[in-house]
Amino acid sequence: MAEPEQLVAEAERLAVAATTLDELSAVRTAVSGKRSPLVAARKALGGLEPEARREAGQALNAAKASIDEILNSREAELSAAARVEQLAAERLDLTEVAEQPAHGHLHVITQTWQELEDVFVGMGYRVAEGPEIESEWYNFGALNFPLEHPARDMYDTLYVDYGEPGTTLLRTHTSPVQARVMETQAPPIYVVAPGRCFRQDTADATHMPVFHQIEGLVVDRATSLGDLAGTIEAFTAAYFGPGFSSRLRPSYFPFTEPSAEFDIQRPDGSWLELGGCGMVHPNVLEACGIDPEQWQGFAFGFGIDRLALIRFGIDDLRELWTNDVRFLGQF
Amino acid sequence: MKVLLSWLREFAPDIDGDPQHLAEVLADLGLAVEELSHTGAGLAGVVVAEVLATRPHPDADRIQLVDVDPGDGEALQVCCGAFNMAPGDLVPLATVGTTMPGGIEIARRKMRGQWSNGMLCSVAEIGLGDDHRGIMILEQGLSAGTPLAEALGIQPDVLFDLEVNPNRPDAMSVMGVARDLAARLGVLFTVPAPPVAETGAPAAQRAAVSIAAPDFCGRFGVRVLDNVPSGASPRWMANRLLAVGQRPINAVVDLSNYVMFELGQPNHTYDLDLVPGGALGVRMARPGERLTTLDGTERTLTTADGVIVNRDDDAIGLAGVMGGASTEISADTRSVLLEAAWWDPMTIARTARRLGLRSEASARFERGVDPDIIPTALDRFAELAGALGATTSPGMIDAAGNRAEPITVRVRPQRVNAILGTDLGAEEMTALLSPIGFACDGSGDGQDFEVSIPSWRLDSAAEIDVIEEVGRLHGYSKIARTVPVTEQAGALTPQQKDRRRIRALLCGMGITEAMSLPFLAPGDVARAGLGDDGITVANPLVAEESIMRTSLRPGLLKAVAYNAARRTAGVSLFEIGRVHPGGGGRLPDEQEHLAVILAGREATAATTLWRRLARHLAVANPGVVNGPVDGLHPGRSGSVLADGRPVGALGEIDPQVLAACEIDERAAWLEVDLGALRGADRRLTPYRAPSRYPSSDVDLAFTVADEVSADDVAATIAQAGGELLSSVALFDVFRSTQLGEGRRSLAYTLRFEAADRTLNDAEVAQVRQSCIEAVTTAHNATLRG
C-alpha cells in the first residue's frame, strides 16, 4: 500500500503534467476517483487496529486535502490560460467595417429654423403658422398697405391664378401671420412665425424666388420701442452668443410705426444688416380688432436662409435647393 | 439719393465734422449711407491734354493708340481702350506717376508691345461721377497742360449715397437731407430766397394756366424766361450733377435737374414759341388719346393718365411723367415756359408703372413733393438761369387745384413716452420737432400739444407719425432697452413637435432631408405620373417656375436623378413641405405633406418605414391597403391608412415615371398628408404588465393566393388568437412551383402567454387550432405541413 506522501507527490506530478482542462480532469479521476489508490487506501483502513487506523486515517485525510488543493489550483491556472487563449483567438480589428454608417441629415434651413424657434420658445414665445398662398388682404391690406400704395412695389409679388386677378398671391413675407394671430387670439400675444415666402426674383448667389423668414409679434399693455430694442438685443445674445450686440436704425414699413432696421454687430466690430422691425401700427391693430389705445405691440422679422449661410459658411443660396447629397450630407 | 457735403452746407453752413461721423448721424436719422466717397481728391497728376491723332494698335482690336499733347507741345503715345475721341478733343490725361482716386498707380508700360505713357480717363476714373462708358471729353477752350482740378474748378468734396425710404419724399432733395442733419447736429438751417431780376412784359400777359383736373393737379406754377442759354451749363454745375449721377446735357436741362436735386421739385420747360399764347391746361387724357413723348415714342393713354394740353386742347405732355416732343427745347429756343407743379401721387404712380416710365421726376411725384416749394423752385431756376444771361418776366402764374388741407395733430406726451419707452418732457419733444418744421403749439408742462405737419411731410398725418419723428430725432440708440416679461410658457404645438419627431426618426433611419423648389415647370406633374397641373403663377419670371407643386414627388424624383447623374445612386431622401393639390375655398387648399423616396429599394421598404413612423407617432391602427396609385407601380402600390382613413400612399415609383425622369434604379415611395394624419386618432396602447409566466411560441405557415394581403392574414390570426395571443409576426415569405402559380407561403410566429399562469399544452393547442381554422376559412389558405 502506497504511503500518503507518495500519493500526494504522484498527484502533484500528474497535475503539473496536465496541460489542458480535459487532461486535468483525467488526472483528477486517476488520483482521487473511485478507483484511485487513495480510495483504495481508505478502504484498506478497515483492516487495521483501531489505534493504527486512526493514525493512518488522519494521514490519508490530510493527503486527500492536499491533493484536492493541488488539483483545484492547477485547474484555476489552466482555466485562466484557456480564457486568455480564447480571447486572443477572438481578437477583432474594430475598424475593419464594411458597412457605411446610415446617418440622415437635417436640412440646414431646418436646423437654423429649429434653433431660432428654440431661442424664442425659451423666451416665452409660442410658434404660429399661416398659409403660403395668401390673400391680398392679409399680405397687404390688413398690414396698412392701401391699394396701389407705392410701398407695395417694395415687394416683387408673385400672384396666382385663383379667384379675381390680383386677390391671391404667394406671401411676400411672414407678416400676414401677425394679422391672422391678432384676429384669432386675444392679447397678450407673444409669438414667432417662421415660414416660407416668395418673390419675383431670378435665382443667383444671394437671391432666390423662395426664401424663409421668421416673424416676431408681441402685443401687451405697455409694449414700447425700448422693449423691442431690448428683445432684439436679448435674441442677439441668445442666438449669436457673447460679444454680439444690436442696434436699431429708423426705417419704413407700412405696418409698423415707428419702424426700424436692426443690425447685428459682430465681435470684430463689423455689422450685419439682419431685418426690419417696429411698433405695430395702430391701423394694423385696429384692422385686427385690437384697440390701439389699450394695447401696444412690436413686430420684427428677418431672413432664415442668410443666417443658415452664415452659420455654415455657405456662399451661394442656390446650394440650399440642389438636393445634392454631397451638400446635404455635410451638415 | 446722392448728396454732396458742399451742397448740404449751402443750406446749413455749420454742418461739419468727420465725414464718417456724419454718415453715422445720417444712418441714425434713418438715412442709411450706402456708400461714402471722397470726390475731387487725388487728381494731382491729371492734366488737360489735346488729342493729336488716333491710330489702330497693330496687335490689338480692343485698344487704340492715341497721340496727345500733354501741354509741352510734344506728342505723347497713350494706349486707350475707348474710341470716343477725335483729334482736337481735350481729354483728361493721368500722367505717369499719378495715383488715381481708386488707388491705381499710373506707370509707363507696354500694352501688347506698344508703350503707353499715361492713361486717358473716364468720368468715373477721375471720381467725378458714375459714367465709365468712354473717355471724358472736356469743353473746348481749356489749355493743354492745365491741372484738371484747376481747369474744371473741382474742389475736394464728400459724397453720401443715401438709401431713402418711401415715406421720406422730403429727403429726395439736398435741402431735405440738410434739414434733418442740421436738426440733429443743432445747427442753423435756412432755405435761401432766390433773388430774381425781373424784366419785360409780365408773365401773366404771356402765359396762362387752366386746370380742368383739380384733384389731379393741386398747384401749377409757371415762370416765363427769355434769352435762355443754349450751350453747356457752367462747369461747377456740371460737376455737381456728375457727382450725383446725372449726366450734364445742356444748360436748360441741367438747370432743371439741378433745381430738382436741390429742392426736390421736378420741373419742365416748354419752348414758348411752340405753345400758342403760352397757354397750358391740365386734364385727364381721353381714352385712346395719343401723345408722342420726349423719347420719340408714341404713347396711347387712358383716362387714368393726366396730360398737359395747349390752347387747342391737344396733349403736349404727360403730366409729371414725361414731356411731349412737340414743345421740346432745341438749340434755337430763346424763350421758355417753366412749369413746376404738384400732381396726385397715386395717378403718377399708376401712369409711370403702366407705361414703364420711371424717372427721377416721377419717383419724386409719386412719393409726394412739397406743394409749397413750387415758387422757390421757379425762382431758383430763374436765379441760376439769370447768371447765364437769361431774363425773367415779372411775376409767376400760380394756378391752384384742390389741395389737401393743412394737418394739425394733437400729441399726448405720455402716449409718446409709452410708445417709445422714453421719459421725455413735452418741451423736449417740441424741441426735437421744431427744427424739422413740425411747429408745436401747447402750454408745455406735460400737457397735450398741437403739431402742424409741414407741407413736405405727406407721410405724416396722425399722432403716431409725430411719435416716430420724436423717436427718430431723439435717436433710437438713446432709448433704454428693456425685455418684456410674459407669464406665457413658450412651447411648440403638438403638430410642431410631431414635425420634429418625424424629422428625428427619419434622420435616425439614415434618410436625409431635402428641400425642393415648390415651383414646377409645365409637364413636371405629368412626368411624375400625377394628374392635372396645380395652381398656376400669374406672373412667373420663367416658365420653369410657373406651377405650384401638387405633390412632393416631382421634386424628390428630380433630386434622385440629380444625384444619380453625379454617381450617387441609392439616395434616401425625405421632405416636409406644403403642396397645393387644387380646389379650395377663399384660398386654395394647402396641405403639408411628408414624402420619402428610397432609391434602390423595393416597395416594402416604404411599408416598413410607414409602420415605424406610425408607431413612433402613436397612430391608432395604421394600415396599408394594396391598390393602384397614380404614378406608382400598379402592382406595388397602396394607400396608407390611419385609424381606417386614408392619409397617404406608398409603394414603388412606376417604372415608366422612373424612365421619364432618367432614373435607372427602383425607388420606394411614401407620401403622407400630415394634416390628415394629425386629424387621425392617436392612442397609446394601454399599459399591460409583462407576464411573469413563460410564453409559448408557435410557428404557422400558410399557403395563400398572392392577392391575399399578409396584413389581413395577420389580422385574422390576431382576432382568432384573442386574449392569449401576445404577438404575431410575419417571418418568412416563400414561393415555389410546388405551391403553384399565384400562391405563396406566409410564415408567422405566434407568441401565446397569460398574465396569471403558465399555459398548458392543451390550451396552446386549442388556440393554435382556432388560429389555423380562422385563416384557412377566411383566406382560402392551407396550412403547410
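What you see is a predicted model; the values in this text were computed from it and never measured.

### What to know about the overall build of chain A
(1) Moving on: The number of helices and strands found in chain A is 11 helices and 10 strands.
(2) Moving on: Scaling as 2.2 N^0.38, a compact globule of 331 residues should have a C-alpha radius of gyration of about 20 Å, whereas chain A reaches 43 Å, well beyond that.
(3) Moving on: Projected onto the principal axes, the alpha-carbon positions of chain A cover approximately 130 × 45 × 45 Å.
(4) Moving on: A burial count over chain A gives 52% of its 331 residues as buried.
(5) Moving on: Accessible area of chain A: about 15100 Å², with a carbon and sulfur share of 52%.
(6) Moving on: Here chain A contributes 26 positive and 50 negative side-chain charges, whose respective centroids are spaced 13 Å apart.

### A few points about the overall build of chain B
(1) Moving on: The secondary structure content of chain B amounts to 21 helices and 38 strands.
(2) Moving on: For 785 residues, the compact-globule estimate of 2.2 N^0.38 gives 28 Å, and the C-alpha radius of gyration of chain B, at 41 Å, exceeds that figure by more than 25%.
(3) Moving on: Across its three principal directions, the C-alpha atoms of chain B cover 130 × 80 × 55 Å.
(4) Moving on: In chain B, which comprises 785 residues, the proportion classed as buried is 52%.
(5) Moving on: Looking at chain B, you have 71 positive and 102 negative side-chain charges, and the mean spots of the two groups are 8 Å apart.

### Describing the sheet that holds strand β35 (residues 696-705) of chain B
Residues and elements named next belong to chain B.
(1) Moving on: Across the sheet, which stays open at both edges, the 4 strands sit in the order β36-β37-β35-β38 with antiparallel pairing between neighbours. Lying at the two open borders of the sheet, with one neighbouring strand each, are β36 (725-734) and β38 (782-783).
(2) Moving on: Examined bridge by bridge, β35 and strand β37 (residues 743-752) share 10 bridges and lie antiparallel to one another. What sits directly across from Asp 697, in β37, is Arg 751.
(3) Moving on: Strand contacts of helix α21 (residues 761-779): β35, β37 and β38, with the helix running at about 15 degrees to β35, the strand carrying the most contacts.

### Overview of the nonpolar core
If you look at soluble globular proteins, the nonpolar side chains tend to sit buried side by side.
(1) Moving on: Ranked by internal contacts, the top residues of the largest apolar core, which has 144 residues, are Leu 248 and Phe 302 of chain A together with Phe 160, Phe 220 and Trp 343 of chain B.
(2) Moving on: In this view, Phe 220 of chain B contacts Val 209, Ile 211, Leu 280, Val 282, Ile 308, Glu 339, Ala 340, Ala 341, Trp 343, Ile 397, Asp 398 and Ala 399 of chain B; residues no more than four positions away in its chain are not counted.
(3) Moving on: Counting 51 residues, the second largest nonpolar core, distinct from the first, contains Ile 133 of chain A together with Ala 514, Ile 547 and Ile 663 of chain B.

### Topic: the domain arrangement of chain B
(1) Moving on: Domain annotation of chain B identifies domain 1 (2-40 + 158-185), domain 2 (46-154), domain 3 (203-400), domain 4 (408-473), domain 5 (494-679) and domain 6 (696-783).
(2) Moving on: Just the C-alpha atoms count here: the centres of domain 1 of chain B and domain 5 of chain B sit 55 Å apart.

### Quick notes on the sheet that holds strand β6 (residues 210-220) of chain A
All names here are of chain A.
(1) Moving on: The sheet built from 7 strands is open, its strands ordered β1-β5-β6-β10-β9-β8-β7 with mixed pairing. At either margin of the open sheet sits one strand with a lone partner, and together these are β1 (126-127) and β7 (245-253).
(2) Moving on: Where strand β8 (residues 256-265) meets strand β9 (residues 271-280), 8 bridges bridge the pair, whose relative direction is antiparallel. Along β9, the bridge assignment pairs Ile 264 with Leu 272.

### Some thoughts on a negative patch on the surface
(1) Moving on: On the surface, Glu 273 of chain A together with Glu 34, Glu 35 and Glu 163 of chain B cluster together to form a negatively charged patch.
(2) Moving on: Looking at the element boundaries, Glu 163 of chain B is found in strand β10 (residues 157-163).

### Comments concerning the interface of chain A and chain B
(1) Moving on: At the interface, 87 residues of chain A touch 81 residues of chain B.
(2) Moving on: Here chain A meets chain B over a buried area of about 7200 Å², counting both sides, of which 54% is carbon and sulfur.
(3) Moving on: Across the chain A-chain B interface, the total number found is 5 salt bridges.
(4) Moving on: A salt bridge links Arg 412 of chain B to Glu 293 of chain A, with the shortest nitrogen-to-oxygen separation between them at 2.9 Å.
(5) Moving on: The tally of links between chain A and chain B comes to 40 residue pairs in polar contact (both at pLDDT 80 or more).
(6) Moving on: With 8 residues, helix α8 (residues 225-240) of chain A is the largest single contributor of residues to the side of chain A that touches chain B.

### Focus on the packing of aromatic side chains
Residues and elements named next belong to chain A.
(1) Moving on: Under the criterion given, the structure shown has 26 aromatic pairs over all chains.
(2) Moving on: Ring centres of Phe 145 and Tyr 155 lie 5.6 Å apart, and the angle between their planes is 70 degrees; on these two criteria the pair is classed as edge-to-face. Linking Phe 145 in the loop between α6 (136-139) and β3 (158-159) with Tyr 155 in the loop between α6 and β3, this pair joins segments that are 10 residues apart in sequence.
(3) Moving on: Among the aromatic residues, ring-to-ring pairing joins Phe 120, Tyr 125, Tyr 190, Phe 235, Tyr 239, Phe 240, Phe 244, Phe 262, Phe 298, Phe 300 and Phe 302 into one connected group.
(4) Moving on: We note Arg 180 situated over the ring of Tyr 138; from NZ or CZ to the ring centre the distance is 4.1 Å.

### Re the domain arrangement of chain A
(1) Moving on: Segmentation of chain A into domains returns domain 1 (4-89) and domain 2 (108-328).
(2) Moving on: Distance between the C-alpha centres of domain 1 of chain A and domain 2 of chain A: 89 Å.

### Here we look at the side chain of Asp 157 of chain B
Residue and element names in this part refer to chain B.
(1) Moving on: Along the chain, the position of Asp 157 falls in strand β10.
(2) Moving on: For the buried residue Asp 157, which engages in no salt bridge, the nearest side chain bearing the opposite charge is Arg 240, 5.4 Å off.
(3) Moving on: Looking at Asp 157, its side chain comes within polar contact range of the main-chain nitrogen of Leu 5, at 3.5 Å.
(4) Moving on: Of note is the side chain of Asp 157, whose polar atom sits 2.5 Å from the side chain of Ser 6.

### Looking at the environment of Ser 6 of chain B
Residues and elements named next belong to chain B.
(1) Moving on: Structurally, Ser 6 can be placed in helix α1 (residues 5-8).
(2) Moving on: Of the residues examined, Ser 6 reaches a relative accessible area of 24% and is grouped as partly exposed.
(3) Moving on: Along the primary structure Ser 6 and Ala 489 are separated by 483 residues, whereas in three dimensions their C-alpha atoms are 56 Å apart.

### Observations regarding the side chain of Arg 223 of chain B
Residues and elements named next belong to chain B.
(1) Moving on: Mapped onto the elements of the fold, Arg 223 is located in strand β12 (residues 217-226).
(2) Moving on: Taking the relative accessible area as the measure of exposure, Arg 223 reaches 4% and is therefore buried.
(3) Moving on: Among the polar contacts made by the side chain of Arg 223, one reaches the side chain of Asp 379 at a distance of 2.8 Å.
(4) Moving on: Contacts of Arg 223, omitting those with residues within four sequence positions, involve Val 196, Glu 198, Val 336, Leu 337, Leu 338, Leu 378, Asp 379, Ala 382, Thr 392, Ser 393, Gly 395 and Met 396.

### Describing helix α17 (residues 603-616) of chain B
The α-helix winds at 3.6 residues per turn, so residues separated by three or four positions along the chain end up facing the same way.
(1) Moving on: Between its terminal C-alpha atoms α17 of chain B stretches 20 Å, which fits the 20 Å expected from 14 residues at 1.5 Å a residue.
(2) Moving on: Immediately downstream of α17 of chain B, the backbone of Ala 618 of chain B shows phi near 55 degrees, a positive value.

### Overview of the packing of helix α4 (residues 174-185) of chain B against helix α13 (residues 463-474) of chain B
(1) Moving on: Orientation of α4 of chain B relative to α13 of chain B, taken along the N-to-C sense of each, is 60 degrees, at an axis distance of 10 Å. Side by side, α4 of chain B and α13 of chain B meet where Asp 180, Ala 183 and Arg 184 of chain B of the first sit next to Arg 472, Leu 473 and His 474 of chain B of the second.

### Here's the deal with the pattern of salt bridges
(1) Moving on: This structure, assessed with the given rule, holds 65 salt bridges over all chains.
(2) Moving on: Ionic pairing is found between Arg 74 of chain A and Glu 77 of chain A, a salt bridge with its closest N-O pair at 2.7 Å. You can see Arg 74 of chain A and its partner Glu 77 of chain A sitting in helix α4 (residues 50-89), 3 residues apart, about one turn around the helix.
(3) Moving on: Accessibility expressed as a relative area gives 17% for Arg 74 of chain A, which makes it buried.
(4) Moving on: A residue is classified by how much of its surface remains accessible, and Glu 77 of chain A, at 45% relative accessible area, is partly exposed.
(5) Moving on: Each of Arg 168, Asp 170, Asp 180, Arg 457, Asp 459, Glu 469 and Arg 472 of chain B takes part in salt bridges that share partners, so that together they form one network.

Cut-offs used in this document
Residues numbered from 1 in each chain as written. Chains lettered and ligands numbered in written order. Predicted model: local features only at pLDDT ≥ 70, side-chain atom pairs only at ≥ 80, totals over all residues. Heavy atoms only, no water. Helix = DSSP H or I, 4+ residues; strand = E, 2+ residues; numbered from the N terminus. Rg over C-alpha atoms; globule rule 2.2 N^0.38 Å. Buried < 20%, exposed > 50% of the residue type's maximum accessible area, 1.4 Å probe, protein only. Areas by Shrake-Rupley, 256 points an atom, 1.4 Å probe, with all protein chains shown as cover. Lys, Arg positive; Asp, Glu negative; His and termini not counted. Charge placed at Lys NZ, Arg CZ, Asp CG, Glu CD. Pairing = 2+ DSSP bridges. Contact = heavy atoms within 4.5 Å. Axes fitted to C-alpha atoms, helices over the stretch in contact; angles between N-to-C directions. Core = buried A, V, L, I, M, F, W, Y, C linked by side-chain atoms within 4.5 Å. Domains from an automatic or database assignment. Patch = residues over 30% accessible without salt bridge, like charges linked within 9 Å, V, L, I, M, F, W, Y side chains within 5 Å. Salt bridge = Lys/Arg side-chain N within 4 Å of Asp/Glu carboxyl O. Buried area = accessible area lost by both parts, 1.4 Å probe. Polar contact = N/O pair within 3.5 Å; in protein donor to acceptor, adjacent residues only side chain to side chain. Phe/Tyr/Trp six-rings, centres within 6.5 Å; stacked < 30°, edge-to-face > 60°. Lys NZ or Arg CZ within 6 Å of the ring centre and 35° of its normal. Expected span 1.5 Å × (residues − 1).

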